[in-house]
Amino acid sequence: MEGNVNVAPQPQSNGLAVSSMVLGIIGLVLFLVPIIPYPLAILAIIFGVIAKKNPLKKGFAVTGLVTGIVTLGLKIWFWAGVASLM
């Protein structure tokens with residue numbers, strides 16, 4: 001039977017936006033760990049900037065971008081506080 005076959009369309013996704021958001025959230029959760037948050041935050045920012053160009057899941061990209069920036073800001077604030085104690 002070679003008639004019409006209904007094929008469901010594949011949902012569109014923006015993997016960079018999702019990965020940016022996940023990396024940013026993990027960076028925020030682990031910001032007190034010595035080395036891990038730096039690459040997570042930097043990758044979240046990079047992926048967020050690239051993913052904002054794609055209109056799909058733009059909110060995820062913005063969330064990843066913001067959480068990456070906040071993570072780096074917290075780390076800078078933390079180290080400034082440690083330096084002021086010395």
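Residues numbered from 1 in each chain as written. Predicted model: local features only at pLDDT ≥ 70, side-chain atom pairs only at ≥ 80, totals over all residues. Heavy atoms only, no water.

S.K.: I would appreciate a short explanation of the overall build of the protein in the present structure.
M.R.: Helix and strand counts for the protein stand at three helices and zero strands. If you list the helices and strands of the protein from N to C, you get α-α-α. The C-alpha radius of gyration computed for the protein amounts to 19 Å, which surpasses the reference 12 Å derived for 86 residues by more than 25%, pointing to a less compact arrangement than a globule. Relative to its 86 residues, the protein shows a buried fraction of 23%. (Helix = DSSP H or I, 4+ residues; strand = E, 2+ residues; numbered from the N terminus. Rg over C-alpha atoms; globule rule 2.2 N^0.38 Å. Buried < 20%, exposed > 50% of the residue type's maximum accessible area, 1.4 Å probe, protein only.)

S.K.: Sorry, what's going on with the packing of helix α1 (residues 15-29) against helix α3 (residues 58-85) here?
M.R.: Two packed helices can be described by the angle between their axes and the distance between those axes. Closest axis-to-axis distance for the α1/α3 pair is 7 Å, and the angle between their directions is 25 degrees. In this view, α1 runs roughly parallel relative to α3, as classed from their interaxial angle. Judged by the twist between their axes, the crossing of α1 over α3 is left-handed. Residues A17, V18, S20, M21, G24, I25, G27 and L28 of α1 form the contact with α3, whose participating residues are F60, A61, T63, G64, L65, T67, G68, V70, T71 and L74. Grouping the constituent residues of the contact of α1 with α3 by class yields ten nonpolar, eight polar and no charged. (Axes fitted to C-alpha atoms, helices over the stretch in contact; angles between N-to-C directions. Parallel < 35°, antiparallel > 145°, perpendicular 65-115°, else oblique. Left-handed = near helix turned anticlockwise from the far one by under 90°. Contact = heavy atoms within 4.5 Å. Nonpolar A, V, L, I, M, F, W, Y, C, P; charged D, E, K, R; others polar.)

S.K.: What exactly am I supposed to notice about the side chain of T71 here?
M.R.: Following the sequence through the fold, T71 ends up in helix α3. The exposure class of T71 is buried, given its relative accessible area of 1%. Polar contacts involving the side chain of T71 include one to the main-chain amide nitrogen of L28, which spans 3.4 Å. At 2.7 Å, the side chain of T71 forms a polar contact with the backbone oxygen of T67. (Polar contact = N/O pair within 3.5 Å; in protein donor to acceptor, adjacent residues only side chain to side chain.)

S.K.: Where do I start with helix α2 (residues 37-51) in this structure?
M.R.: Residues that lie three or four places apart on an α-helix share one face, since the helix turns once every 3.6 residues. For α2, with 15 residues, the first-to-last C-alpha span of 20 Å sits near the 21 Å given by 1.5 Å per residue. Among the residues of α2, P37, L40, A41, A44, G48 and A51 are the ones counted as buried. End-on, the buried residues of α2 take up no more than an arc of 105 degrees, which puts them together on one face. Buried residues in α2 make contact with α1 and α3. (Expected span 1.5 Å × (residues − 1). Arc of directions from axis to C-beta.)

S.K.: It is not clear to me how the packing of aromatic side chains should be interpreted in this structure. Could you clarify?
M.R.: What characterises a pair of aromatic rings is the spacing of the ring centres plus the angle enclosed by the ring planes. Overall, the coordinates contain one aromatic pair when judged by the stated rule. Look at F78 and W79: their rings are 5.1 Å apart centre to centre, the planes differ by 75 degrees, and that puts the pair in the edge-to-face class. Taking relative accessible area as the criterion, F78 reaches 30% and is therefore assigned partly exposed. Among the residues examined, W79 registers a relative accessible area of 43% and is labelled partly exposed. (Phe/Tyr/Trp six-rings, centres within 6.5 Å; stacked < 30°, edge-to-face > 60°.)

None of this, on its own, says anything about what the molecule does.
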